[in-house]
Amino acid sequence: MEFKGIIEAAGELVDLAGVAVIIIGAILATVSVLRTLLRRTGRPVYEAYRQQLGRSILLGLELLVAADIIRTVAVTPTFESLGVLALIVLIRTFLSYALQLEVTGRLPWQQARTAETAPPPK
């Protein structure tokens, strides 16, 4: 197998991994919510479901971006393909930041507030 074929196969494998992460994450999040609902604990499940689902989508998007980079840069490095890659990465990066904000309530570069970093109560 030649280099180009190996890179194409690697890109497809990472693509498959990204889709699998999203699907498996959605299934696991749904099963977790259903188990919580069946136990009738009275705990709210919407936020936990959104967070679990968002995390799996974030990880899947990262893998899909990696696959696009592998295929575009290593296999067909033309100005047109690089432009398409830039647009895809831009859109997926925006989605990642929006999902990160939804899941954690902060952007990736912001520190999580802990007892030590939180301002003192008034």
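Residues numbered from 1 in each chain as written. Predicted model: local features only at pLDDT ≥ 70, side-chain atom pairs only at ≥ 80, totals over all residues. Heavy atoms only, no water.

Under the annotation held in an unreviewed UniProt entry, the protein chain carries the name DUF1622 domain-containing protein and is attributed to Arthrobacter gengyunqii.

Trainee: Talk me through the environment of I57; I want residue IDs and the actual numbers.
Mentor: Structurally, I57 can be placed in helix α2 (residues 46–74). On the basis of relative accessible area, I57 is assigned to the partly exposed category, the value being 26%. For the pair I57 and S96, spaced 39 residues apart in sequence, the C-alpha to C-alpha distance is 8.4 Å. Every residue in contact with I57, bar those within four places of it in the chain, is listed here: I22 and L99. (Helix = DSSP H or I, 4+ residues; strand = E, 2+ residues; numbered from the N terminus. Buried < 20%, exposed > 50% of the residue type's maximum accessible area, 1.4 Å probe, protein only. Contact = heavy atoms within 4.5 Å.)

Trainee: Would you mind going over the packing of α2 against helix α3 (residues 79–104) in detail, with residue names and values included?
Mentor: Their axes nearest at 10 Å, the elements α2 and α3 cross at an angle of 165°. For the element pair α2 / α3, the angle class is roughly antiparallel. Regarding α2 and α3, the two cross each other, and that crossing is left-handed. In terms of residue class, the contact of α2 with α3 is made up of 14 nonpolar, six polar and six charged. (Axes fitted to C-alpha atoms, helices over the stretch in contact; angles between N-to-C directions. Parallel < 35°, antiparallel > 145°, perpendicular 65-115°, else oblique. Left-handed = near helix turned anticlockwise from the far one by under 90°. Nonpolar A, V, L, I, M, F, W, Y, C, P; charged D, E, K, R; others polar.)

Trainee: Mind laying out the side chain of R71, listing which residues take part and the relevant values?
Mentor: Secondary-structure assignment places R71 in helix α2. Accessibility expressed as a relative area gives 18% for R71, which makes it buried. A distance of 3.1 Å separates the side chain of R71 from the backbone oxygen of G11, its partner in a polar contact. (Polar contact = N/O pair within 3.5 Å; in protein donor to acceptor, adjacent residues only side chain to side chain.)

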